[in-house]
Amino acid sequence: MVKGNFEIPHQHFKKDWQNRVRTWFNQPARKLRRRKARQAKAKAIFPRPTAGALRPVVHSQTVRYNMKVRSGRGFTLEELKEAGIPRKLAPTIGICVDHRRKNRSLEGLTANVQRLKAYKTNLVVFPRNAKKPKAGDSTAADLAKADQFTGLIQPIVKAAAGAPEFVAVTAAMKDPKKGVYKKLRTERMNVRQVGPRIKTALEAAAAEKDKVKAAA
């Protein structure tokens, strides 16, 4: 129901609205184009993983988000040292390095070191020259079984929430004379009455002393 003596709004339906409609008819073609691009990229970087390099697990910034974990920019030099990986070798075997980040906790350092060690156990290093393999390169048997890895490398798994703890309700909790609300009110009253009670005790002690002097 219209309230007040206002002008009735005019509906403008004769604008050239057909030219202002955004269509999405190229979506199937773009889907095919992206798929071909992924295939071409995987072929170009073979035998490296399609997801790219390995990244560390870090906590988000600020108090609001620091309980969440995500993938970081790169592993610290301390983490690489603990895992036994030279800093200059790491980028060549698919490990991101961030020399600016610092380890603030032992738990984060340990988690990323274990992540690096697990990556090393599954790593297959192809030699630059198949006729002259160097130290650290994988054996011919491992190279024959190697295949390009698709998907995320060691995806971050969120920790499952723990089971809730239940507290048994006792008869003392149900007693209205010993309830939590009454206990809190009593303690608040005790805090407020500290000064007056001290004053009353001093006055009573002074009055008792005067009475003793008067009797003497």
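Residues numbered from 1 in each chain as written. Predicted model: local features only at pLDDT ≥ 70, side-chain atom pairs only at ≥ 80, totals over all residues. Heavy atoms only, no water.

S.K.: Got a minute to help me understand helix α4 (residues 106-121) in this structure?
M.R.: Note on helix geometry: an α-helix contains 3.6 residues per turn, so any two residues three or four positions apart are oriented the same way. Its 16 residues give α4 an end-to-end C-alpha distance of 23 Å, which sits within 8% of 22 Å, the value for a rise of 1.5 Å per residue. Every buried residue of α4 is accounted for by Leu109, Asn112, Val113, Arg115, Leu116 and Tyr119. Taken end-on, α4 shows its buried residues confined to a sector of 155 degrees, consistent with a single buried face. In α4, the exposed positions angled more than 90 degrees off the buried face are occupied by Leu106, Glu107 and Thr121. If you follow the buried residues of α4, they end up packed against β1 (57-59) and α3 (77-83). (Helix = DSSP H or I, 4+ residues; strand = E, 2+ residues; numbered from the N terminus. Expected span 1.5 Å × (residues − 1). Buried < 20%, exposed > 50% of the residue type's maximum accessible area, 1.4 Å probe, protein only. Arc of directions from axis to C-beta. Contact = heavy atoms within 4.5 Å.)

S.K.: Can you walk me through the side chain of Asn112 in this structure?
M.R.: With respect to the secondary-structure elements, Asn112 resides in helix α4. At 2.9 Å, the side chain of Asn112 and the side chain of Glu79 are in polar contact. Leave out the neighbours within four places in its chain, and Asn112 touches Pro56, Val57, Phe75, Glu79 and Arg101. (Polar contact = N/O pair within 3.5 Å; in protein donor to acceptor, adjacent residues only side chain to side chain.)

S.K.: Just to check I follow, could you spell out the pattern of salt bridges for this structure?
M.R.: Where charged atoms of side chains with opposite charge meet at close range, the side chains can pair. In the structure shown here, the tally under the stated rule is 2 salt bridges. We note a salt bridge from Arg101 to Glu79, for which the minimum N-O separation is 3.0 Å. Linking Arg101 in the loop between α3 and α4 with Glu79 in helix α3, this pair joins segments that are 22 residues apart in sequence. Across the pair Glu187 and Lys183 runs a salt bridge whose closest N-O atoms are separated by 3.3 Å. Highlighted residues: Glu187 and Lys183, both in helix α7 (residues 180-192), separated by 4 residues, approximately one helical turn. Given a relative accessible area of 36%, Glu187 falls into the partly exposed group. (Salt bridge = Lys/Arg side-chain N within 4 Å of Asp/Glu carboxyl O.)

These figures capture arrangement, not role.
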